[in-house]
Structures are given as C-alpha cells and as structure tokens.
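Take a look at the letters that make up each chain.
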Amino acid sequence: MNHEPNPHRETWDLIPWIVNGTATAAQCDSVEQHLSECADCRDELAQQQQFKNGMQAAATGAFDPQPGLQRLFARIDAEPSVLDSGRPASMRGGRWTPWLAAAVIVQAIGLALLVGMMWGRPAPEVAAQPVADAGYRTLSSATAQRGATIRLVVGPDTSLAALRRLLGEARLQIVESTADNAAFGLAPTDVSLSTSEDRTAHAVAWLREQPGVLLAEPIARPPGTGR
Amino acid sequence: MKSITDDRNPRNADTASDADGDAVEQLLLAAVGRGDRIAFERLYLRQHGLLARFIARHTARRDLIDEIINDAFWVVWRKAAEFRGESKVATWIIGIAYRCMLKALRQNVPSAEQDLDEGFELAGTESSEAEQRELSDWVRRGLDLLSPEQRMTLELAYYLGQSCDEIASIMNCANGTVKARLFHARLRLRNSLPALGGDVAANAPVRK
Ligand SMILES: [Zn+2]
C-alpha cells in the first residue's frame, strides 16, 4: 500500500504487539520514538492497554481441572491401542504389507522415542509371555495368528532406513508392538521358516551384533501355540 | 522521564521466564510423546485454566468447555510425538484447542444469548467491584462491535498473548490477515466505543 515509510501507520499497526508484549526490541524502539511526537497514537496505545486489561480481568473464573482430566484418562484407557486408530481399516484387515506396517509404526511414534519408553518402567510386557497376552497389541489379526518369534528394541539414533535394512537382511517383519510402543514383535517374512527355533536363535544372535539394537531376544512360546 | 513503553510490556519484563516456561513444556511434551502420563497431567494442568477461560468467552456451557479441552488434549496425547518444535508448545496446544472449539461451537449453536460472565468471579481485590464491573462491561460492549474473526484475533492477542505470527498459524491465515483484522477491529473500537468512564467525544476519529 504505502511505499514511503509512514511512522504513524507503522506505529498504529504495532500497538497490539506492544500491548501484548510480543513486539521485538527494535519495534518497541521505533514505536516509542513516534509516540513521543504523536498524541493520537498515545491515546490508541492507552485504549488498547485498557482493553487488554479489561479482557484479562473479565474472565478469571476458577475451573477445577481434575474431573475433566480423570475423564480424559478414562478415555485414553478405553482406546484399544494408539497404533490401531488413525490407520486405514485396510491396514488392520490383513491386506497390509509388512513394510508398510513397520513404516506406519515408526512414523507414528518416532524412532528416537522408542528407547526412552523402554527405560524407567517395569517391563511386564517384555517378560516371557505368550504374545496374545494383554501386554501386546496386535497390528493385524491375520499376522497375529502367525505370532512373533523375536522381540526387538532399537536405539534412539536408528533411522527408519536402518531399521528397514536390518529387518530386510534378517528377513523379519514387525507383526506386533507393545501398547506403549516400547518393543516390537518380529516374525520371519517367510512363513515356512517360522517353525525353526534354530533360525530364530541365529537371527537373534545376528540382530544383537547390529549397531543400534538394544535388545533382541526370542519370545518363549507356550506349548501348542504358534506352531 | 519515564519511558512510555516501560510498563506496558509484561511479557518483555519476564521474557526469560516465558522462555523457561516453553522449555519446561517442550520437555513435558516430549515425555508425553513417550506415553508419560505424569507429564501429560502436568501439561494439562498448566494449560487448563487459560484455555478454559478462553473457551468460556465463547460458550457459557461448562460441559462444552470441558469437552473442547478434552478433545484438544486427546489430540495432544496422540500427536505429542509428532511435535517438532515449529512453535511454542503453548501455541501448538492453543491451535489444537482453537480448531476443537470451532468444531464444537458449529455443532452446538447456542439457542439463546449467553451471559459469558455467568459463573465467573471478577479478578482483583485492589479495585472496587464496581470498577471491575464497569471495565468488563466496557470490554464486552467493545467486543460486541466486532466481527467473529476480529474478536477471535483480539482474544488470541490480548487474552492468550500470542504474537502476530503465532495467531496466523493458529487461525491458519496469512500474517497480513491478522494485521488487517486487528487494524479494522481497532478502528471500530476507536470510532464507536466510548472511552472508559468517558464519552465518545473523547476519542477523535483516527487519522489515516
Ligand atoms: Zn501516530
């Protein structure tokens, strides 16, 4: 609009940010210089200051946050899994490809956060339990029937690409995750190999050698399941 | 001589504590991203009062205020790990609450004129109750003169202390739109709202 400097208009525009304290020091300086010579802007500043004070004074009711917070925790608890919602239904129905699922998990929670979740909390989910136990949330009922054979936790610096490479080389896929995403359950990509305990032990040993792997262990399977 | 801008920058006076507050909230939010409920509760309690009073400016229904805050914090709980520090944590949460509020208000169109001050105590014990009442009546008359967008912009600026850029991001509009809304809002106030405790004549129409 104005190509020439117009201190009056510039000051007028800056007044709200002076009033709410978000103006920069340089803006404060330029406003102050103009205010010293412009009664109009001084009036405006005074009125806006008054208006802001009035707005803050008008609404200072006390709300008890606790009932709402408790309802919110109940709502969070009622949610089956952070991973399950927000994903297209097709990915819950077994049509997903293993890598797509892994990518979704990693993108959803951020690799850097995995390890932090691991420490400082009891690890009942990570104890040797049947994978169908409450601590694990299945990503897909179709793959859950196959069951995870290896539990994996990677370090915060492990990139998605690195994890992808790791699992690709081990011919493993993510089939489960703990509810808090602290650990992944892995299964072989080739179903025919899933019965081989030797192969599982070999894959675990190999994973433990890889940079970024904090934990790799076979998942104990109760007799008569998953075989 | 005392500088005219000296005592009107409460946030400048404690810029350090403002920055510290955001640093604390960044840590809390990062912990929430890892599923930490204690951090979540602390963040909720830090933001609840201001958000509740901000939303209360738009609806007098306590149940709706609760619902909006919980919808917003439900999103915070689920999206915390995706926060990349592109704004202050408070601004990020205000933006989420703003969208939840617009949605809730669209779905719950008030059937009658609401008394927004219902149930609220007036702040401050230093000035008399009558003065406080006069001030809040004056502000309400002023806000009534404005369009919904102008009122919202002013509330984000004066009530929640958000900067021009922050308001643009919360309202998902251009920086210039924020400036234009405030410009026209203030022109309206300047020309139509009598000065507090005075009359309209006390305010000369603004020079362009
Ligand atoms: Zn001026």
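Residues numbered from 1 in each chain as written. Chains lettered and ligands numbered in written order. Predicted model: local features only at pLDDT ≥ 70, side-chain atom pairs only at ≥ 80, totals over all residues. Heavy atoms only, no water.

What follows is about the overall build of chain B. The helix and strand tally for chain B stands at nine helices and zero strands. Starting at the N terminus and walking to the C terminus, you meet the elements of chain B as α-α-α-α-α-α-α-α-α. The 208 residues of chain B split such that 46% are buried. Residue pairs at least 24 apart in sequence account for 62% of intrachain contacts in chain B once pairs closer than 6 positions are excluded. For chain B, the accessible area works out to roughly 10400 Å², and carbon and sulfur atoms hold 50% of it. (Helix = DSSP H or I, 4+ residues; strand = E, 2+ residues; numbered from the N terminus. Buried < 20%, exposed > 50% of the residue type's maximum accessible area, 1.4 Å probe, protein only. Contact = heavy atoms within 4.5 Å. Areas by Shrake-Rupley, 256 points an atom, 1.4 Å probe, with all protein chains shown as cover.)

Here we take up the confidence of the model for chain B. Low pLDDT means the predicted atomic positions in that stretch should not be read closely. All names here are of chain B. Mean pLDDT over chain B: 82, with 78% of residues reaching 70 or higher. Here helix α1 (residues 10-13) stands out as the least confident element of chain B, with mean pLDDT 41; helix α8 (residues 164-170) is the most confident, with 96. Counting contacts from residues 6-15, a segment whose pLDDT is below 50, to residues more than four positions away or on other chains yields 22 contacts. (pLDDT = per-residue confidence, 0-100.)

Our next topic: the coordination of the zinc ion. Residues and elements named next belong to chain A. Coordination of the zinc ion by the protein is provided by H8 (ND1), H34 (NE2), C38 (SG) and C41 (SG), with metal-donor distances spanning 1.9 to 2.3 Å. Classification of the site at the zinc ion as tetrahedral follows from its four donor atoms and the range of 104 to 117° in their angles at the metal. Ordering the donors of the zinc ion by residue number gives the pattern H-x25-H-x3-C-x2-C. Of this pair, H8 sits in helix α1 (residues 7-19) while C41 is found in helix α3 (residues 39-58), placing the two residues 33 residues apart along the sequence. Here H8 and C41 have matching classes, each one buried. (Donors = N, O, S within 2.8 Å, 3.2 Å for Na, K, Ca; no water. Tetrahedral: all angles 85-135°; square planar, octahedral: opposite > 155°, others 65-115°.)

With that settled, the discussion passes to the nonpolar core. The biggest cluster of nonpolar side chains holds 77 residues, and the ones touching the most others in it are W17 and F51 of chain A together with F40, F73, V76, L154 and L156 of chain B. Considering each element in turn, this core owes the most residues, 10 residues, to helix α5 (residues 89-107) of chain B. If sequence neighbours within four positions are ignored, F51 of chain A has contacts with W138, V139, G142, L143, L154, Y158, L189 and L193 of chain B. Core analysis: the next-biggest nonpolar cluster, separate from the first, contains 16 residues, L166, L186, V204 and L207 of chain A among them. (Core = buried A, V, L, I, M, F, W, Y, C linked by side-chain atoms within 4.5 Å.)

Moving on: helix α4 (residues 65-78) of chain A. Its 14 residues place the ends of α4 of chain A 20 Å apart at the C-alpha level, agreeing with the 20 Å of an ideal helix rising 1.5 Å per residue. In this fold, the buried residues of α4 of chain A make contact with α3 (37-56) and α4 (62-79) of chain B. Regarding α4 of chain A, its N-cap is D64 of chain A, as a side-chain oxygen of that residue lies 3.0 Å from the backbone nitrogen of Q66 of chain A further along. (Expected span 1.5 Å × (residues − 1). Polar contact = N/O pair within 3.5 Å; in protein donor to acceptor, adjacent residues only side chain to side chain.)

Attention shifts here to helix α9 (residues 175-192) of chain B. Along an α-helix, a turn takes 3.6 residues, which lines up residues three or four apart on a common side. The end-to-end C-alpha distance of α9 of chain B, which contains 18 residues, comes to 26 Å, matching closely the 26 Å that a straight helix rising 1.5 Å per residue would cover. Three or more residues of α9 of chain B are buried, namely V178, L182, F183, A185, R186, L187, L189 and R190 of chain B.

Right, let's talk about the pairing of strand β4 (residues 184-188) of chain A for a bit. All names here are of chain A. Burial runs high along β4: five of the five residues are buried. Alternating positions in β4 separate into two faces, F184, L186 and P188 on one and G185 and A187 on the other, with burial throughout. Alignment of strand β2 (residues 150-154) against β4, held across three bridges, turns out to be antiparallel. Residue pairing in the sheet places R151 in a bridge with G185 of β4. (Pairing = 2+ DSSP bridges.)

So, on to the packing of aromatic side chains. Residues and elements named next belong to chain B. One pass over the full model with this rule turns up seven aromatic pairs over all chains. Ring centres 5.1 Å apart and planes at 65° place the aromatic pair F40 and W77 in the edge-to-face group. You can see F40 sitting in helix α3 and its partner W77 sitting in helix α4, a full 37 residues away along the chain. According to the relative accessible area criterion, W77 is buried, its value standing at 12%. (Phe/Tyr/Trp six-rings, centres within 6.5 Å; stacked < 30°, edge-to-face > 60°.)

Residue and element names in this part refer to chain B. Even without being a glycine, N172 presents a positive backbone phi close to 55°. As for its position among the elements, N172 is in the loop between α8 and α9. Residue N172 is classed as exposed on the basis of its relative accessible area, which comes to 71%.

This part takes up the pattern of salt bridges. Summed over all chains, the structure comprises 12 salt bridges over all chains. For R9 of chain A, the salt bridge is made with D13 of chain A, and the minimal N-O distance between the two is 3.2 Å. Here D13 of chain A and R9 of chain A lie together in helix α1, a separation of four residues that amounts to about one turn. Judged by relative accessible area, which is 26%, R9 of chain A ranks as partly exposed. Relative accessible area serves as the criterion here: at 22%, D13 of chain A is assigned to the partly exposed category. For the salt bridge of R140 of chain B with D137 of chain B, the shortest nitrogen-to-oxygen distance reads 3.8 Å. (Salt bridge = Lys/Arg side-chain N within 4 Å of Asp/Glu carboxyl O.)

Glancing now at the packing of helix α7 (residues 148-159) of chain B against α9 of chain B. Residues and elements named next belong to chain B. Where α7 meets α9, the axes come as close as 9 Å, and the angle between the chain directions of the two elements is 100°. Between α7 and α9, the angle is such that the two are roughly perpendicular. Within the contact between the two elements, α7 uses E149, Q150, T153 and L154 and α9 uses V178, R181, L182, H184, A185 and L189. Of the residues in the contact of α7 with α9, the class split is five nonpolar, three polar and two charged. (Axes fitted to C-alpha atoms, helices over the stretch in contact; angles between N-to-C directions. Parallel < 35°, antiparallel > 145°, perpendicular 65-115°, else oblique. Nonpolar A, V, L, I, M, F, W, Y, C, P; charged D, E, K, R; others polar.)

Turning our attention to the confidence of the model for chain A. All names here are of chain A. Per-residue confidence for chain A averages 68 on the pLDDT scale, and 55% of its residues sit at or above 70. Here residues 82-100 is modelled with pLDDT under 50, and outside its nearest four sequence neighbours on either side it reaches 35 contacts, counting other chains as well. Scored below 50 in pLDDT, residues 114-145 shows 69 contacts in the model against residues more than four places distant or in partner chains.

The geometry of a pair of packed helices is captured by two quantities: the angle between their axes and the separation between those axes. All names here are of chain B. The N-to-C vectors of α3 and α7 enclose an angle of 150°; their axes lie 11 Å apart at closest approach. Here α7 runs roughly antiparallel to α3, going by the angle between their axes. Viewed along their axes, α3 and α7 form a crossing whose handedness is right-handed. Contacts between α3 and α7 pair L50, R53 and F54 from the former with M152, E155, L156 and Y159 from the latter. A per-class count over the contact of α3 with α7 returns five nonpolar, no polar and two charged. (Left-handed = near helix turned anticlockwise from the far one by under 90°.)

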